[in-house]
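Listed below, chain by chain, are the residues.
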Amino acid sequence: MGAEAKSAEVKSAEVKSAEVLAFRDVTLGYDRHPAVHHLTGTVNAGELIAICGPNGAGKSTLLKGVMGLLSPLAGSIVRPDDGRARIAYLPQAAEVDRSFPINVYDIVALGLWRRTGLFGGVSHADRARIAEAIAAVGLDGFERRPIGTLSGGQMQRALFARLLLQNAEIILLDEPFTALDAATVRDLVALVERWHGEGRTVLAVLHDLELVRAHFPRTLLLARSPVEWGETRTVLTSTNLTRARHMCEAWDEGAHACAPARTERAA
Amino acid sequence: MNAYDLLIAPFAEFDFMRRALIGVIALGLGAGPVGVLMMLRRMSLAGDAMAHAILPGAAVGFLAAGLNLFAMTLGGLIAGFAVALGAGAVARATQMKEDAALAAFYLVSLALGVMLVSLRGSNVDLLHVLFGTVLALDDPTLLLIVGVSTVSMLTLAVLWRPLVVECVDPGFLRSVSRAGTPTHLVFLGLVVLNLVGGFHALGTLLAVGLMMLPAATARFWASDLTALVVAAVLVACGSGVIGLLVSYHLGVPSGPAIILVAGGAYVLSVLVGPIGGILPRLMPRRHLEA
């Protein structure tokens, strides 16, 4: 870990007391079937957390819950009141319609939504910010290119530029490095570390455990139920990973209704 | 016959041609951009479904009050909004996709319309509703069409950003704003309005033609959103004007003539359109060095 990252650790340690997200025995799912079952824990400001686990473990569902796109079946997620303004969310890349006639500049400029809203214009200073964000992801010269002509890596760089402009305190990334080459992953990880250094909170769904071990101080290992949550070193052990791998993926139609949680009923 | 006789004289000499000209240009200005957004939102066939939904409403209005602008417009609007909003609401509130919901709603509307018309027991001539009367636009009808066009353009100007973002990256819009659903419903409302405005001139079924054909044609000429909208408006208005002239000189029905001209523009574009047209694709072109 470099000196820069060290100072980031110090910075995030200073604001450790500030709790930005709390999961209180939360269960998220679809049509009564839980995808994330009984998760409890808190996220402090400035934490850099990897969310790992097999496919179908509920990782994306958890991010949707944090974003408020999915209401919990039980329990609660405590997030900032003005969640939409303070949380930025990058869904899996497949959700963008790449055939739509829009260019890189315009899609990046959407990151200024908090300032422009539905109707506001883009000021001179905003234009400079947009250009800066595009340069920061290494896409200068691509401003007028339609997004349909970009490679997968270039598209992801453009979406990261938009995240840069969103200037959010909490950043949720759903498999941000999937299907990208090494150079692109390196550049985008550097951006994530920059956000961490700036004291922002980042939660990223990831499959590459080497990457997690190298860059993410904390990890939540999910297998529909939380397997373990804490320092990456102690979470990504072979015992835990084996437990996660044996997660049952099938829904049990005959399952009994889950007993009401003891602690959260009163809240 | 010189160019003046061919292109200008029909409009200079006849009041009804001038009215029709204003009508088709207003329709083109409103329906062109709406059609482009429909196409980009992969709702090209949804317009057709909605036109089928409007037909029974207009027919019921016609049965109740005869050839009455207000009754027919109101009937069409009620049927159209009920189907558009109903299908939109079901798609957003349940697991059902919007195209399936729309299919369900418009079929019910169509059957209900046929039922109501039959109950009335009169063998009325619904040709007016089916094919419109662009050559007989009176003042109130013309005002309605121009009003629809104005409302349509102003609304699009205001809602352009959320409409575009909801289409290109709906996940992002959901993450920054709650405007997605209301925007979509307002847009469906605009589609209904334009179809209702269009049916007085072109009939319920052909009105979709002036919405979708210019948009589909524009796709072969423009690759950027603004250019697409401009191209679609030009094709729509151009088809309107040329269609009226064809109808005048050849003595053929004006509504189908307008849509056939737009159809001709589409076929031509499929063949020679610079963006993905058949001939440009077949032309041998050497690839670039970088």
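The rules behind these values
- Residues numbered from 1 in each chain as written.
- Chains lettered and ligands numbered in written order.
- Predicted model: local features only at pLDDT ≥ 70, side-chain atom pairs only at ≥ 80, totals over all residues.
- Heavy atoms only, no water.
- Helix = DSSP H or I, 4+ residues; strand = E, 2+ residues; numbered from the N terminus.
- Buried < 20%, exposed > 50% of the residue type's maximum accessible area, 1.4 Å probe, protein only.
- Contact = heavy atoms within 4.5 Å.
- Areas by Shrake-Rupley, 256 points an atom, 1.4 Å probe, with all protein chains shown as cover.
- Rg over C-alpha atoms; globule rule 2.2 N^0.38 Å.
- Lys, Arg positive; Asp, Glu negative; His and termini not counted.
- Charge placed at Lys NZ, Arg CZ, Asp CG, Glu CD.
- Buried area = accessible area lost by both parts, 1.4 Å probe.
- Salt bridge = Lys/Arg side-chain N within 4 Å of Asp/Glu carboxyl O.
- Polar contact = N/O pair within 3.5 Å; in protein donor to acceptor, adjacent residues only side chain to side chain.
- Core = buried A, V, L, I, M, F, W, Y, C linked by side-chain atoms within 4.5 Å.
- Domains from an automatic or database assignment.
- Pairing = 2+ DSSP bridges.
- Axes fitted to C-alpha atoms, helices over the stretch in contact; angles between N-to-C directions.
- 1 Å grid on protein atoms, 1.4 Å probe; cavity = no way out; pocket = protein on both sides within 12 Å on 5 of 7 lines; lining within 4 Å.
- Points joined across faces, edges and corners; volume = space filled by probe spheres on them.

A. Summary view of the overall build of chain A. If you tally the helices and strands in chain A, you get 11 helices and nine strands. For chain A, buried positions account for 49% of its 267 residues. Restricting the contact set of chain A to residue pairs at least 6 apart, pairs at least 24 apart contribute 71%. Accessible area for chain A stands at about 12,700 Å²; split by element, carbon and sulfur atoms hold 51% of it.

B. Molecular detail of the overall build of chain B. When you go through chain B residue by residue, the secondary structure sums to 14 helices and zero strands. Overall, chain B shows an N-to-C arrangement of helices and strands of α-α-α-α-α-α-α-α-α-α-α-α-α-α. Taking 290 residues into account, the globule formula puts the C-alpha radius of gyration at 19 Å, and chain B, at 20 Å, falls close to it. On the principal axes, the C-alpha backbone points of chain B span a range of 70 × 60 × 30 Å. A fraction of 75% describes how many contacts in chain B between residues 6 or more apart in sequence connect residues 24 or more apart. Counting only carbon and sulfur atoms, one obtains 71% of the accessible surface of chain B, whose full area is about 13,400 Å². Here chain B carries 14 positive and 13 negative side-chain charges, and the mean point of each set is 12 Å from the other.

C. Region of the structure containing the interface of chain B and chain A. With 25 residues of chain B at the interface, the matching set in chain A holds 25 residues. When chain B packs against chain A, close to 2,200 Å² is buried across both sides, 60% of that on carbon and sulfur atoms. It is Arg161(B), Val168(B) and Phe172(B) in chain B that bury the most area against chain A; as a group they hold 30% of the surface buried on that side. At the boundary of chain B with chain A, the tally comes to two salt bridges. For Arg162(A), the salt bridge identified is with Asp169(B), shortest N-O distance 2.8 Å. For the pair chain B and chain A, the interface holds seven residue pairs in polar contact (both at pLDDT 80 or more). Elements supplying a minimum of two residues to the side of chain B that touches chain A: helix 7 (139–168), helix 8 (170–176) and helix 12 (225–250) of chain B.

D. Geometry of the side chain of Glu175(A). Residue and element names in this part refer to chain A. Its place among the elements puts Glu175 in the loop between strand 6 (170–174) and helix 8 (182–197). Here Glu175 sits buried without a salt bridge, and the closest side chain of opposite charge, Lys59, lies 5.0 Å off (N-O distance). Looking at Glu175, its side chain comes within polar contact range of the side chain of His207, at 3.1 Å. The contact partners of Glu175, leaving out residues within four places of it in the chain, are Gln92, Val205 and His207.

E. Fine view of the nonpolar core. Judged by nonpolar contacts, the single largest core of 139 residues is most densely connected at Val108(A), Phe160(A) and Leu173(A). Of the domains in this structure, domain 1 (1–80 + 179–267) and domain 2 (83–168) of chain A are the two that each give at least three residues to this core. Beyond its immediate chain neighbours, meaning those up to four positions away, Val108(A) contacts Ile130(A), Ala133(A), Ile134(A), Ala158(A), Ala161(A), Arg162(A) and Leu165(A). Counting residues in each nonpolar core, the second largest holds 18 residues, with Phe11(B), Ala20(B), Ala26(B) and Leu244(B) among its members.

F. Expanded view of the sheet that holds strand 5 (residues 87–90) of chain A. Residue and element names in this part refer to chain A. The six strands are arranged 5-6-7-3-8-9 in an open sheet whose pairing can be described as mixed. Single-partner strands in this sheet number two, and they are strand 5 and strand 9 (225–231). In this sheet, neighbouring strand axes are inclined to one another by 15° on average, regardless of whether the strands run parallel or antiparallel. With four bridges connecting them, strand 3 (residues 48–52) and strand 8 (residues 218–223) associate as parallel partners. By the bridge assignment, Ala50 is partnered in strand 8 with Thr219. Across the face of the sheet, helix 8 comes into contact with strand 3, strand 6 and strand 7 (201–205) while running at roughly 155° to strand 6.

G. The layout of surface pockets, seen in detail. If you add up the space inside the largest pocket, you get close to 1,800 Å³. Forming the boundary of the largest pocket are 48 residues, of which Ala91(B), Arg92(B), Lys97(B), Glu166(B) and Arg174(B) lie nearest the centre. Residue assignment for the lining of the largest pocket shows that the elements contributing at least two residues are helix 2 (59–67) of chain A together with helix 3 (46–65), helix 4 (69–93), helix 5 (98–120), helix 7, helix 8 and helix 9 (180–202) of chain B. The element that contributes the greatest number of residues to the lining of the largest pocket is helix 5 of chain B, accounting for five residues. Residues lining the lining of the largest pocket come from more than one domain, with at least three contributed by each of domain 1 (1–80 + 179–267) and domain 2 (83–168) of chain A.

H. Spotlight on the sheet that holds strand 4 (residues 74–78) of chain A. Residue and element names in this part refer to chain A. Within the open sheet, the three strands sit side by side as 2-1-4. Their pairing is antiparallel. If you trace the sheet from one side to the other, it starts and ends with strand 2 (33–44) and strand 4, each paired once. On average, each strand axis in the sheet is tilted by 20° relative to the strand beside it, whichever way the strands run. With four bridges joining them, strand 1 (residues 19–30) and strand 4 adopt antiparallel strand pairing. The residue bridging Arg24 from the neighbouring strand is Ser76, located in strand 4. Lying over the sheet, helix 2 contacts strand 1, strand 2 and strand 4, oriented at roughly 120° with respect to strand 1.

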